[in-house]
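# Observations on the model geometry
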Amino acid sequence: MASPILSEIIGLKIDNLINQIIYSDVEKYDLKYTRYYDDIIVSSNNIDRLILVYNSINEIFKNTLKLELNNKKTRIQSLKGASVLGLRFYDDSIRVPGKYRNELRGIIYRYKFLKEDSQFEIENKIKYVNKIKSSINYVIYNSPNEIVDSYKIQLVNFNEEHKRLADKLTYNILDSFNDHSI
């Protein structure tokens, strides 16, 4: 559990640093920044600006974070119509493909049939809920506003479901201790 939390803390620091680079100059506003865990995408139609931003990011990573960009995984290219990290890039937006959203709907549908009769089954449902919440967040943060509202409602519902399952698991664990008390 600690590893994803630490990764996200570092990721937020990276977000702040990259946003400072991208939005430090009015002319750079045509850049878009997306991060999924440790995968970073800066997109633009202007390759020269991308090269400048890449150099700035690389310098800040080395000097501030003491990290180096992986040159084997780094590409500077036009993204029009390209698919990167499961995202489809268009002239004016970045979108999660319909295939991913359909798979998410299937996961949510299958979730309804999971049992919660034992501690193991409850723990399994909690893992499933976490996967669903992560996938919903991915869609929310990488989709146009017109489709985000329904996913936000689902996220609220699965946050409530997570709390319900955690409470049930806690109750079951405490109940099992009470059954074994002297």
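Residues numbered from 1 in each chain as written. Predicted model: local features only at pLDDT ≥ 70, side-chain atom pairs only at ≥ 80, totals over all residues. Heavy atoms only, no water.

## Some points on unusual backbone geometry
Backbone geometry at Lys 66 places phi at a positive 60°, although glycine is not the residue there. Tracing the backbone through its elements, the reader meets Lys 66 in the loop between helix H2 (47–65) and strand E3 (83–84). (Helix = DSSP H or I, 4+ residues; strand = E, 2+ residues; numbered from the N terminus.)

## Details of the confidence of the model for the chain
Caution is warranted with low-pLDDT regions, since their predicted coordinates should not be read in detail. Confidence in the prediction for the chain averages 82 pLDDT; 86% of positions are at 70 or higher. In the model of the chain, E3 stands out as the element of lowest mean pLDDT, 68, in contrast to helix H3 (residues 98–111), which has the highest, 92. (pLDDT = per-residue confidence, 0-100.)

## Here we look at the side chain of Lys 133
Position of Lys 133 relative to the elements: it lies in helix H4 (residues 119–141). Beyond its immediate chain neighbours, meaning those up to four positions away, Lys 133 contacts Leu 155, Phe 158, Asn 159 and His 162. (Contact = heavy atoms within 4.5 Å.)

## Thoughts on the nonpolar core
Leu 104, Ile 132, Ile 136 and Phe 158 are the most contacted members of the largest nonpolar core, which has 21 residues in total. Elements represented by at least two residues in this core include exactly H3, H4 and helix H5 (145–179). Ranked by residues supplied to this core, first place goes to H4 with eight residues. Excluding its chain neighbours within four sequence positions, the residues that come into contact with Phe 158 are Ile 108, Tyr 111, Val 129, Ile 132, Lys 133 and Ile 136. (Core = buried A, V, L, I, M, F, W, Y, C linked by side-chain atoms within 4.5 Å. Buried < 20%, exposed > 50% of the residue type's maximum accessible area, 1.4 Å probe, protein only.)

## Points about the pattern of salt bridges
For the coordinates displayed, the defined rule picks out five salt bridges. The partner of Lys 125 in a salt bridge is Glu 116, with the nearest N and O atoms 2.7 Å apart. Overall, the relative accessible area of 15% leaves Glu 116 in the buried class. Taking the shortest distance from any N to any O, the salt bridge between Glu 116 and Arg 164 comes out at 2.8 Å. (Salt bridge = Lys/Arg side-chain N within 4 Å of Asp/Glu carboxyl O.)

## Looking at the side chain of Ser 143
Note on placement: Ser 143 falls in the loop between H4 and H5. Among the polar contacts made by the side chain of Ser 143, one reaches the main-chain carbonyl oxygen of Val 139 at a distance of 2.6 Å. Those residues in contact with Ser 143 that sit more than four places away from it in its chain are Ile 94, Val 96 and Val 148. (Polar contact = N/O pair within 3.5 Å; in protein donor to acceptor, adjacent residues only side chain to side chain.)

## What to know about the packing of aromatic side chains
Scanning the model with the defined rule gives four aromatic pairs in all. Here the aromatic rings of Tyr 109 and Phe 113 are separated by 5.2 Å at their centres, their planes lie at 70°, and the arrangement is edge-to-face. Here Tyr 109 matches Phe 113 in class, with each residue exposed. Following the ring pairs from residue to residue traces out a cluster consisting of Tyr 111, Tyr 128 and Phe 158. (Phe/Tyr/Trp six-rings, centres within 6.5 Å; stacked < 30°, edge-to-face > 60°.)

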